[in-house]
Structures are given as structure tokens and as C-alpha cells.
Amino acid sequence: MNESTFAPGGGQPGLQAVGSVAVRTFAAQQGSGDEGTHHGPAGRNDQQESDRFIGFETDLQEGQLYDPDAEYEPDPEYAATLAPDAARQRRERVGPTGRPLPYFPIPGPVTDHGPAKIIAMCNQKGGVGKTTSTINLGAALAEYGRRVLLVDFDPQGALSVGLGVNPMELDITVYNLLMERGLAADEVLLKTAVPGMDLLPSNIDLSAAEVQLVSEVARESTLQRALKPLMQDYDYIVIDCQPSLGLLTVNALTAAHTVIVPLECEFFALRGVALLTETIEKVRERLNPELQLDGILATMYDSRTVHSREVLARVVEAFDDHVFHTVIGRTVRFPETTVAGEPITTYASNSVGAAAYRQLAREVLARCHAE
Ligand SMILES: Nc1ncnc2c1ncn2[C@@H]1O[C@H](COP(=O)(O)OP(=O)(O)O)[C@@H](O)[C@H]1O
Ligand SMILES: [Mg+2]
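A brief report on the enclosed structure follows.

What counts and what doesn't
Residues numbered from 1 in each chain as written. Chains lettered and ligands numbered in written order. Predicted model: local features only at pLDDT ≥ 70, side-chain atom pairs only at ≥ 80, totals over all residues. Helix = DSSP H or I, 4+ residues; strand = E, 2+ residues; numbered from the N terminus. Buried ≥ 20, exposed ≤ 12 C-beta atoms within 10 Å, placed from the backbone. Contact = placed C-beta atoms within 7 Å. Core = buried A, V, L, I, M, F, W, Y, C linked by C-beta atoms within 7 Å. Pairing = 2+ DSSP bridges. Axes fitted to C-alpha atoms, helices over the stretch in contact; angles between N-to-C directions. Arc of directions from axis to C-beta.

**Some remarks on the overall build of the protein**
Piece 1. Looking only at helices and strands, the protein features 14 helices and seven strands.
Piece 2. Buried residues in the protein amount to 47% of all 371 residues.
Piece 3. The contacts of the protein with a sequence gap of at least 6 include a subset with a gap of at least 24, amounting to 76%.

Written as C-alpha cells, this is what we have:
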């Protein structure tokens, strides 16, 4: 994938379609046509309109969601909890977290945008789903008509790669935005193939910022200052943090209104979380009194294993209402989307994984309105 996928500084519409070329290439490599990820319009019912609004094009029966192209079928009971509309949901449902699952309404369109709510996707552990959640929560919010900016704040540039950008080919990244006074954010911004979703990309240059910022005045609020001019243009800014609690992560927490902590549903999930919540507490006390732990997001959940269910129960025991009702299931679809360079909401639009991130977006929006 070359850098022409993205059009810096506002974007040229003609280039945006390149994202789907990547999908075709990938599908061809897999020896299957890209039509495999889509379902025909047969058997639509009266949910058709709302389904189309949220990107569903399916011939699924009531309460069913499945992904025929995934390696194995998701647990239908788990999938049923992700149905996007009240009509398909059983009343008085219990969600995967063991608590009654509220109904998260499909959000209406918005006409005005901004000021942005900034979310830091944070866990000092690697491989827990931070980058995956940033891309897919962002894409789902954008599907619901919100303007979204994703900030790649990891020198590894995985978020940029996951959106089809080759970070090595970038001359200007979020690093320059942090370090060069007078550089306009527009010069760094890339449009993604998802309408309404932009990216501040990063690459290995950012690792130098961690060292260089140490001698700066107000070094912890550098990102906050850099994002300020963009606040009015977006409804949500999601920052994908690096797997450490260093100065970059402290910058993200200082800029953020809320934190989402993805936790992989495996045995050591809770190890290190105390240190993370301590760090969040310190940032709140000293730098950012507004900061809230929005939620713990359970990821890579496999409802069929006792182990996954036990870990999730422990997480709920420890964090109670801070745990999102939405739980992200484990599916091979997510690693595939990284190769394809696009979100699951477009790569496999009617998959269970896409439904899960759409529900997360509705839950985030519902929490936001409740405040
Ligand atoms: N729900 C999931 N099911 C299966 N694999 C997943 C899921 N979420 C993420 N992954 C995969 O796990 C790996 C790590 O995820 P990633 O989002 O990069 O974590 P982090 O950013 O916390 O390091 C990636 O290969 C990703 O594709
Ligand atoms: Mg990551």
C-alpha cells in the first residue's frame, strides 16, 4: 500500500477508493472473491431501513448475526445480544457481563459538529485490542454520522497501518505536530477511506518525542495544545496509546476527557491494571481534573470457554459499572482487517465483530448523553 491511499491536507476524493482496492487484493490472495463478505438483499423485513442506516445488508433471521466467512461460527447466544434494534432483542436480556443489558438506541443524525470529546484508548499491556478498538469504535461512530479523528500515538504506527497507511513513507506525522510550533494540524491530517473519519498518523519518529519532550515546559500537555485547534471540527477524537505508561501516554491522558481500557479476556488480564488506574488517578489530581475512567472494555471474549467467562466475571467483580456492557468477541476477522487496512465495519460489514463495535459506539454515545 502506498501513501497515495491518503490525501494529506483535506484529501482528494479520487484517492479514497484505494482502500477497497486493498480489500480486493487481500481477498484475491485468500483465493476468494470479495463478494464473500456481503450478503444479498433477499428476505429483507421492515428492519431494512434501520439496517441500511447502520450499514447492515443482511438476510438474517430475527435475532441472528453470523459471519459465514469467519473461521468458525460465533456463539449465537453472544451474537444475539448484539442485535442493533429493540425489535430483534428479547426483553429483560442478560448481557455477556452478567448484568441486564440495556437497549442502546440507534443515534439520530447530528447537524452540528464539535466540540470533540476526547477518548484515550489506554493499557500499558500490548496486544489487548487498543488499536483494533480505536479503529473500529472510530469507524462505527463515523457510520452513525459523527465526525471522528483518530490519533496514532504509538511510534509503532499500528493504527496507521490498520488504516492502510505505510508509516515509513510519511514525512510529516503527529511527531511534527507536537514538536514544531506553528505547524498547522491540517498539514498532518489524512483522510481515511471511511467518510467522516480522519487520522493523525505516526511512525517511529514519535519515539524521539518521548525524550525530547522531557525538557519542554508543560511537557505533559503538549498533545492537548496540539489538538486544541481541531476540537470544533470533530465530535470524537480517539487516541491510540502506546503500550507503556511513559510521557506519551501521560500526554494522551492529559488531553482526554475519558479513558477506555481494553482488557483481553485471559488469565493475566487484571495484572497491571492497578498501576494503570493509579496513573489515571495521578493525572486527574495533578494535570486533568476532568479525566474519567469511562470504561473497561472486555475484548477477545470467547463465550464458549469457561475460562473467558470466568475472567469476564472477575473483571466485572473488580470494576462493576465501569465495565462496558458491550463485550468484543474473539474472531479471526480482526487480524484480517489489519492486513486489509480497513475497519471491520467495512471489511466484513455484517459480521459479529462489526456488530460488536457498532454496539460499543451506541453505548459510548448513550453514556455521553447521560452525562
Ligand atoms: N476481538 C479480537 N479477536 C481476535 N483477535 C483480535 C481481537 N482484537 C484484536 N485482535 C488481534 O490481536 C492483536 C493485538 O491487537 P491490537 O489491537 O493491535 O492490540 P494493542 O493495540 O493493544 O497492542 C492484533 O493482531 C489484532 O488483530
Ligand atoms: Mg496498538
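**Focus on the nonpolar core**
Piece 1. Judged by nonpolar contacts, the single largest core of 96 residues is most densely connected at Ala120, Ile237, Ile239, Ala252, Leu253, Ala256 and Ala298.
Piece 2. The element contributing the most residues to this core is helix H14 (residues 352-370), with nine residues.
Piece 3. Setting aside chain neighbours within four positions, we find Ile237 in contact with Ala116, Ile118, Leu149, Val151 and Leu227.

**Considering the pairing of strand S2 (residues 148-153)**
Piece 1. The buried fraction of S2 amounts to six of the six residues, a majority that puts the element mostly inside the structure.
Piece 2. A two-sided burial pattern is seen for S2, the buried positions comprising Val148, Leu150 and Asp152 on one face and Leu149, Val151 and Phe153 on the other.
Piece 3. Both S2 and strand S4 (residues 197-200) contribute to a ladder of four bridges, which runs parallel. Residue pairing for S4: Val148 is matched across the bridge by Met197.

**Overview of the sheet that holds strand S7 (residues 292-299)**
Piece 1. Strands sit in the order S3-S4-S2-S5-S1-S6-S7 across an open sheet of seven strands; the sheet is mixed. Of all strands in the sheet, those bounded by a partner on one side alone are strand S3 (190-191) and S7.
Piece 2. Pairing analysis gives six bridges linking S2 to strand S5 (residues 236-241), with the strands arranged parallel. Paired with Val148 across the strands is Tyr236, a residue of S5.
Piece 3. The sheet strands contacting helix H4 (residues 130-143) are strand S1 (117-121), S2, S4, S5, strand S6 (258-264) and S7, and the helix crosses S5 at an angle near 170°.
Piece 4. Together, S1, S2, S5 and S6 form the strand contacts of helix H9 (residues 247-255), whose direction differs from that of S5 by roughly 160°.

**Structural notes on helix H12 (residues 333-340)**
Piece 1. Among the residues of H12, Arg333, Phe334, Glu336, Thr337 and Ala340 are the ones counted as buried. Take H12 and look down its axis: the buried residues cluster within an arc of 155°, on one side only.
Piece 2. Gly341 lies just past H12 and shows a positive phi near 70°.

**Points about unusual backbone geometry**
Peptide bonds are mostly trans, and most non-glycine residues show a negative phi.
Piece 1. The step from Gly114 to Pro115 runs through a cis peptide bond, and the omega angle for that step is -10°.
Piece 2. With a phi close to 50°, Ala218 is a non-glycine residue in the positive phi region.
Piece 3. Locating Ala218 in the fold gives a position in the loop between helix H7 (206-212) and helix H8 (222-227).
Piece 4. Even without being a glycine, Met300 presents a positive backbone phi close to 55°.

**Describing the pairing of S1**
Piece 1. The element S1 is extensively covered by neighbouring structure, given that five of its five residues are classed as buried.
Piece 2. Residues Lys117, Ile119 and Met121 line one face of S1 and the alternating positions Ile118 and Ala120 line the opposite face, and both faces are buried.
Piece 3. The pairing of S1 with S5 spans five bridges and is parallel. Considered in S5, the bridge of Met121 is made with Asp240.
Piece 4. When S1 meets S6, the two strands line up parallel, connected through three bridges. When the sheet's bridge partners are listed, Ile119 is paired in S6 with Thr258.

**Let's talk about H9**
Piece 1. Summarising burial for H9: eight of the nine residues are buried, a large majority.
Piece 2. Those residues of H9 not exposed but buried are Leu248, Thr249, Val250, Asn251, Ala252, Leu253, Thr254 and Ala255.

**As for the environment of Ala354**
Piece 1. Tracing the backbone through its elements, the reader meets Ala354 in helix H14.
Piece 2. Residues Ala354 and Leu137, spaced 217 residues apart in sequence, show a C-alpha to C-alpha distance of 9.4 Å.
Piece 3. For Ala354, the residues in contact, after removing those within four places along its chain, are Ile344, Thr345, Ala348 and Ser349.

**Digging into the environment of Asp321**
Piece 1. Position of Asp321 relative to the elements: it lies in the loop between helix H11 (306-319) and H12.
Piece 2. By the C-beta count within 10 Å, which is 11 here, Asp321 ends up exposed.
Piece 3. Considering only alpha carbons, one finds Asp321 and Gly295, 26 residues apart in sequence, at a separation of 8.2 Å.

**A few points about the environment of Ile344**
Piece 1. Tracing the sequence through the fold places Ile344 in helix H13 (residues 344-347).
Piece 2. On a C-alpha basis, the gap between Ile344 and Ala355 in space is 9.3 Å, while along the polypeptide they are eleven residues apart.

These figures come from the coordinates and say nothing about function on their own.
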